[in-house]
Amino acid sequence: MADEPLVLGIETSCDETGVGIVRGTTLLADAIASSVDEHARFGGVVPEVASRAHLEAMVPTIERALKEAGVSARDLDGIAVTAGPGLAGALLVGVSAAKSYAYALGKPLYGVNHLASHICVDQLEHGRLPEPTMALLVSGGHSSLLLAPDITADVRPMGATIDDAAGEAFDKIARVLQLGFPGGPVIDRLAREGDPSAIAFPRGLTGPRDAPYDFSFSGLKTSVARWIEAKRNAGEEVPVRDVAASFQEAVVDVLTRKAVRACKDEGVDHLMIGGGVAANSRLRALAQERCERAGIRLRVPRPGLCTDNGAMVAALGAEMVARDRPASDWELSADSSLPVTEPHVPGQAYDHQHQHQHDHDHVHEVAKDNLYS
């Protein structure tokens, strides 16, 4: 274990300031500072609020992670950071912090892809990912089916949402039901007391001529909202638990059906599910049921590793180091629309001569001594 790469990962793509530390595939620390409460009164994430929260939380969260892991910043073999996709301002805070720490410590920098990180985090719980890996990623911003022959270099999109992401639909229906933000956890909780077959809500893009692996939840969202509106206009009480259960069933039915079909079509005998919506209890249960029937092994990280966190970024960074992938340049910047086909943003191989030049900067040396003595 001591020979495996020790990597710190920074995640700031949305409203979570996550810092994780991983040695190989072993999680040493997973520190998170969330600004979700600050966004709740607005009914959704406000980019500027998220960026400012990241600025305030960054250094304390990094220090907390190092303390939790029981390691020094000087012991690190590399620093990984989410370079995209995500909110541009939020990403810039994380990238700037990672570059600063990497520069001061003389460590290689790895700008990695948020979606690929969500796949790689499963290694921290279930061991090495099979190759290829089929992954269903579902969150507030993404609903994607991905085939990853090599998580560090080859990730192929099979399908994605053409409108609302699954998590986004959960939030919008929770708003219509006046359940607050975020909507996923409360709908999951209420749905356990409701009847999933009470209301026949539509399943988008499931016809014989529809794209087999793409998703659409906009029509479902509109159908649920109109059903609720009709009940209210008629002066009838809205059966919130049945609505929650029926809506949730429509979402997870489509997600799991298409994911299992993709595995069968591609000859992949396992499925990994990640992203914030992967914490949903019904999604996990239905996926397990359908995978068992199809002879597919299901891999789902524990809920704390499904939501955005620094551990997933560190996990992918450690894999980059282990496979000797090129580090990113110092010119690394945030890319809010970084395609999933780019698991990381490579630059030239880490330039020790360039670093040697930095070491002769007296001001830089003083800064390093003050911070990491």
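Peer 1: Can you lay out the confidence of the model for the protein for me, pointing to particular residues and giving the numbers?
Peer 2: On average, residues of the protein score 92 in pLDDT, and 92% of them are at 70 or above. Taken as a whole, residues 349–373 scores under 50 in pLDDT and shows 27 contacts with residues more than four places along the chain or in a different chain.

Peer 1: Hey, could you go over helix H8 (residues 218–233) for me, with residue numbers and the actual values?
Peer 2: Compared with the 22 Å implied by 1.5 Å per residue over 16 residues, the 22 Å span of H8 between its first and last C-alpha is a close match. Within the span of H8, buried status applies to Leu220, Lys221, Val224 and Ile228. Viewed along the axis of H8, the buried residues span an arc of 105 degrees, placing them on a single side of the element. With respect to the buried face of H8, the exposed residues turned more than 90 degrees away are Arg226 and Asn233. Buried residues belonging to H8 abut helix H6 (166–176) and helix H9 (240–266). Two residues or fewer after H8 comes Gly235, characterised by a positive phi angle close to 75 degrees.

Peer 1: So what about the layout of surface pockets? Which residues, and what values?
Peer 2: Counted as a void, the largest pocket has a volume near 1,100 Å³. Lining of the largest pocket is provided by 34 residues; of these, Cys14, Ser139, Gly140, Gly141 and Asp171 occupy positions nearest its centre. Counting only elements with at least two residues in the lining of the largest pocket, the list comes to H6 and helix H7 (183–191). In terms of residues, the lining of the largest pocket owes the most to one element, H6, which gives six residues.

Peer 1: I'd love a proper account of the sheet that holds strand E10 (residues 297–299), names of residues and values included.
Peer 2: Read across the open sheet, the five strands follow the order E8-E7-E6-E9-E10; overall the sheet is mixed. What marks the edges here is a single partner per strand, and that holds for strand E8 (154–160) and E10. Each strand of the sheet is rotated relative to its neighbour by a mean of 25 degrees, with strand direction disregarded. Two elements, strand E6 (residues 133–138) and strand E9 (residues 270–274), share three bridges in a ladder whose sense is parallel. Note on E9: the bridge partner recorded for Ala135 is Met272. Across the sheet, H9 touches E6, strand E7 (143–150), E8 and E9, and the angle it forms with E6 is around 165 degrees. Helix H10 (residues 281–294) rests against E6, E9 and E10 of the sheet, and its axis sits at about 160 degrees to E10.

Peer 1: Let's hear about the side chain of Lys221: which residues, and what values?
Peer 2: Note on placement: Lys221 falls in helix H8. Here Lys221 falls in the buried class, since its relative accessible area comes to 18%.

Peer 1: Can you tell me about the pattern of salt bridges, naming the residues and giving the values?
Peer 2: In the structure shown here, the tally under the stated rule is 21 salt bridges. The partner of Glu125 in a salt bridge is Arg302, with the nearest N and O atoms 3.8 Å apart. Here the residue Glu125 occupies a position in helix H5 (residues 123–126), and Arg302 occupies one in the loop between E10 and helix H11 (303–306), the gap between them amounting to 177 residues. Judged by relative accessible area, Glu125 falls into the partly exposed class, the value being 32%. For Arg257, the salt bridge is made with Asp253, and the minimal N-O distance between the two is 2.7 Å. Of this pair, Arg257 and Asp253 both sit in helix H9, four residues apart, roughly one helical turn. Given the relative accessible area of 8%, Asp253 is considered buried.

Rules of the game
Residues numbered from 1 in each chain as written. Predicted model: local features only at pLDDT ≥ 70, side-chain atom pairs only at ≥ 80, totals over all residues. Heavy atoms only, no water. pLDDT = per-residue confidence, 0-100. Contact = heavy atoms within 4.5 Å. Helix = DSSP H or I, 4+ residues; strand = E, 2+ residues; numbered from the N terminus. Expected span 1.5 Å × (residues − 1). Buried < 20%, exposed > 50% of the residue type's maximum accessible area, 1.4 Å probe, protein only. Arc of directions from axis to C-beta. 1 Å grid on protein atoms, 1.4 Å probe; cavity = no way out; pocket = protein on both sides within 12 Å on 5 of 7 lines; lining within 4 Å. Points joined across faces, edges and corners; volume = space filled by probe spheres on them. Pairing = 2+ DSSP bridges. Axes fitted to C-alpha atoms, helices over the stretch in contact; angles between N-to-C directions. Salt bridge = Lys/Arg side-chain N within 4 Å of Asp/Glu carboxyl O.

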